[in-house]
Amino acid sequence: MGISHEDALESLHLIHDTATKTRRAVAAGYAGNLLILWGSVWFAAFVGVHLAPHRAGLVWSVLDGLGVIGTVLVCRKWPIRSSMMGSRLSPAARRMIVFWLALFAYATLWVVLLRPANGMLLGTFLVTVAMLGYVVIGLWSGSSFLVWLGLIVTGLALCGYCLIPAYLNLWMALTGGGALLGTGLYVRIRWR
Amino acid sequence: MARFDSIIHQPVRLQVMSSLVSLDLGEQVEFTYLRRLLRVTDGNLGAHLVKLEEAGYVRIDKTFVDRKPRTYVSATGKGRDAFAGHVAALNEILQGAAEPTQPAKARSEEAGP
């Protein structure tokens, strides 16, 4: 079969475009939905804690619980699975879950050992830990977008803690929750 | 090894293989998701997948998830190797290092040891 230089070039472009489209569609469907979900959880939780600071533990427990249930539902609807050992989760999804569990265990350990003096310090610490997770996943998957998102939200959380502690929860609802929600929508719309 | 593959070279099959190979080894994608991604019809995608399956390049698994039928598609090891060889052959053609009218294997056999 004879093919021309132009045909070969066109085929290589098609391969590159399709591979990029696939990786982006995977990210849009997976990361996009999870960013929207957790952005909504953060927004609602920080606003809830601002309105009822004495019930911060209850607000976060209920909304985090809903977030975990939502995450399981997003993963169940995921159209990519592993063919190995009959597992429905892909190797990448399994690695992701183990990573978040390890990070959560690390944060819990240090919260128990250090016993933060106030809720604001605890909230800021947990936000920075979660954003460290975004930075690591960004570095892992080669997504500078996630790295920058993690760094910017971390910076905003620290600014809020240092500069406007009285309005920290509202600040985090807008910057933390808003950033996750906004970027999730951006990923869903632009990378489809 | 660079090897032009006429089965893979057809545009829809080229897109199918590009998409499947960009997933991790062992990952399968749902048929309907792949159809939407590549913007092809059920029949068109199905026919091209049969060709690729006959060549041993893809594996098709039909199963039930929550009592609904689902079809999953993945690239086999042979398919990944053939795709890599095809991409290498295309690159060789671009670089002018290969004779575009014959597969690399045939050329190396003619050249001898």
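Just above, that's the structure.
Residues numbered from 1 in each chain as written. Chains lettered and ligands numbered in written order. Predicted model: local features only at pLDDT ≥ 70, side-chain atom pairs only at ≥ 80, totals over all residues. Heavy atoms only, no water.

## As for the pairing of strand S3 (residues 68–75) of chain B
Residues and elements named next belong to chain B.
Here is step 1 of the chain: Two elements, strand S1 (residues 27–30) and S3, share two bridges in a ladder whose sense is antiparallel. Pairing of Glu 30 across the sheet is with Tyr 72, part of S3.
Here is step 2 of the chain: Both strand S2 (residues 58–65) and S3 contribute to a ladder of eight bridges, which runs antiparallel. In the strand pairing of S3, Ile 60 is matched with Val 73.
Here is step 3 of the chain: In textbook terms, the turn of a hairpin is the stretch between consecutive antiparallel strands, and for S2 and S3 this stretch comprises two residues, one of which, Asp 66, has a positive phi near 50 degrees. (Pairing = 2+ DSSP bridges. Helix = DSSP H or I, 4+ residues; strand = E, 2+ residues; numbered from the N terminus.)

## Quick notes on the interface of chain B and chain A
Here is step 1 of the chain: Taken together, the contacts link 33 residues of chain B with 31 residues of chain A.
Here is step 2 of the chain: Of the roughly 2,900 Å² buried between chain B and chain A, counting both surfaces, carbon and sulfur atoms make up 62%.
Here is step 3 of the chain: Our enumeration of links across chain B and chain A arrives at zero salt bridges.
Here is step 4 of the chain: The interface formed by chain B and chain A holds three residue pairs in polar contact (both at pLDDT 80 or more) in total. (Contact = heavy atoms within 4.5 Å. Buried area = accessible area lost by both parts, 1.4 Å probe. Salt bridge = Lys/Arg side-chain N within 4 Å of Asp/Glu carboxyl O. Polar contact = N/O pair within 3.5 Å; in protein donor to acceptor, adjacent residues only side chain to side chain.)

## Topic: the nonpolar core
Here is step 1 of the chain: Ranked by size, the top nonpolar core spans 41 residues in total, and within it B:Val16, B:Met17 and B:Leu20 carry the most contacts.
Here is step 2 of the chain: Listed by contribution, the elements that provide at least two residues to this core are helix H1 (5–51) and helix H2 (56–76) of chain A together with helix H2 (11–21), helix H3 (31–38), helix H4 (42–54), S3 and helix H5 (77–95) of chain B.
Here is step 3 of the chain: Those residues in contact with B:Leu20, other than ones at most four positions away along the chain, are B:Val29, B:Leu34, B:Val58, B:Val73, B:Ser74, B:Ala75 and B:Arg80.
Here is step 4 of the chain: Counting residues in each nonpolar core, the second largest holds 27 residues, with A:Val49, A:Leu63, A:Val127 and A:Leu168 among its members. (Core = buried A, V, L, I, M, F, W, Y, C linked by side-chain atoms within 4.5 Å. Buried < 20%, exposed > 50% of the residue type's maximum accessible area, 1.4 Å probe, protein only.)

## Remarks on the packing of aromatic side chains
Residue and element names in this part refer to chain A.
Here is step 1 of the chain: Scanning the entire structure with this criterion turns up six aromatic pairs over all chains.
Here is step 2 of the chain: Geometrically, the ring pair formed by Trp 100 and Tyr 134 is edge-to-face, given 6.0 Å between the ring centres and 70 degrees between the ring planes. Of the two residues, Trp 100 is situated in helix H3 (residues 91–114) and Tyr 134 in helix H4 (residues 119–141); the sequence distance between them amounts to 34 residues.
Here is step 3 of the chain: Judged by relative accessible area, which is 12%, Tyr 134 ranks as buried.
Here is step 4 of the chain: An aromatic cluster is present here, built from Phe 99, Trp 100, Tyr 134 and Trp 140 joined pairwise through their rings. (Phe/Tyr/Trp six-rings, centres within 6.5 Å; stacked < 30°, edge-to-face > 60°.)

## Description of unusual backbone geometry
In most cases, non-glycine residues show a negative phi, while peptide bonds are predominantly trans.
Here is step 1 of the chain: Although it is not a glycine, B:Arg39 sits at a positive phi angle of roughly 55 degrees.
Here is step 2 of the chain: Within the secondary structure, B:Arg39 sits in the loop between H3 and H4.

## Observations concerning helix H6 (residues 168–190) of chain A
Structurally, the α-helix is built with 3.6 residues per turn, so residues lying three or four positions apart point the same way.
Residue and element names in this part refer to chain A.
Here is step 1 of the chain: Relative to the 33 Å expected for 23 residues at 1.5 Å per residue, H6 spans 31 Å between its end C-alpha atoms, a close match to the ideal helical length.
Here is step 2 of the chain: Where H6 bends most, the angle comes to about 35 degrees, and this point is Gly 178.
Here is step 3 of the chain: Along H6, the residues classified as buried are Leu 168, Asn 169, Met 172, Ala 173, Thr 175, Gly 176, Gly 177, Ala 179, Leu 180, Thr 183, Gly 184 and Val 187. (Expected span 1.5 Å × (residues − 1). Bend = angle between axes of the 7 residues up to and from the residue.)

## Looking at the pattern of salt bridges
Here is step 1 of the chain: All chains considered together, the criterion is met by three salt bridges over all chains.
Here is step 2 of the chain: Residue B:Arg59 pairs with B:Asp61 through a salt bridge whose shortest N-O separation is 3.0 Å.

## Details of H4(A)
Residue and element names in this part refer to chain A.
Here is step 1 of the chain: The first and last C-alpha atoms of H4 sit 33 Å apart over 23 residues, in line with the 33 Å expected at 1.5 Å per residue.
Here is step 2 of the chain: Taken residue by residue, H4 has Thr 124, Val 127, Thr 128, Val 129, Ala 130, Met 131, Gly 133, Tyr 134, Val 135, Ile 137 and Gly 138 as its buried positions.
Here is step 3 of the chain: Looking one or two residues beyond H4, the residue adopting positive phi is Gly 142, at roughly 75 degrees.

## Some points on the environment of B:Glu53
Residue and element names in this part refer to chain B.
Here is step 1 of the chain: Residue placement: Glu 53 occurs in helix H4.
Here is step 2 of the chain: Accessibility expressed as a relative area gives 37% for Glu 53, which makes it partly exposed.
Here is step 3 of the chain: Beyond its immediate stretch of four places on either side in the chain, Glu 53 contacts Val 58 and Ile 60.

## Side note on the packing of H2(B) against H4(B)
Residue and element names in this part refer to chain B.
Here is step 1 of the chain: Two elements in contact, H2 and H4, have axes separated by 10 Å at closest approach and are oriented at 75 degrees. The orientation of H2 relative to H4 falls into the category roughly perpendicular. Residues Val 12, Arg 13, Val 16 and Met 17 of H2 lie in contact with H4, whose contacting residues are Asn 44, Leu 45, His 48, Leu 49, Lys 51 and Leu 52.
Here is step 2 of the chain: Class assignment for the residues of the contact of H2 with H4 results in six nonpolar, two polar and two charged. (Axes fitted to C-alpha atoms, helices over the stretch in contact; angles between N-to-C directions. Parallel < 35°, antiparallel > 145°, perpendicular 65-115°, else oblique. Nonpolar A, V, L, I, M, F, W, Y, C, P; charged D, E, K, R; others polar.)

## Side note on the packing of H3(B) against H4(B)
Residues and elements named next belong to chain B.
Here is step 1 of the chain: Packing of H3 against H4 leaves a shortest axis separation of 10 Å and a crossing angle of 110 degrees. The angle between H3 and H4 places the two elements in the roughly perpendicular class. Each of Phe 31, Leu 34 and Arg 35 in H3 lies in contact with H4, whose residues at this interface are Asp 42, Leu 45, Gly 46 and Leu 49.
Here is step 2 of the chain: Taken together, the residues that form the contact of H3 with H4 break down as four nonpolar, one polar and two charged.

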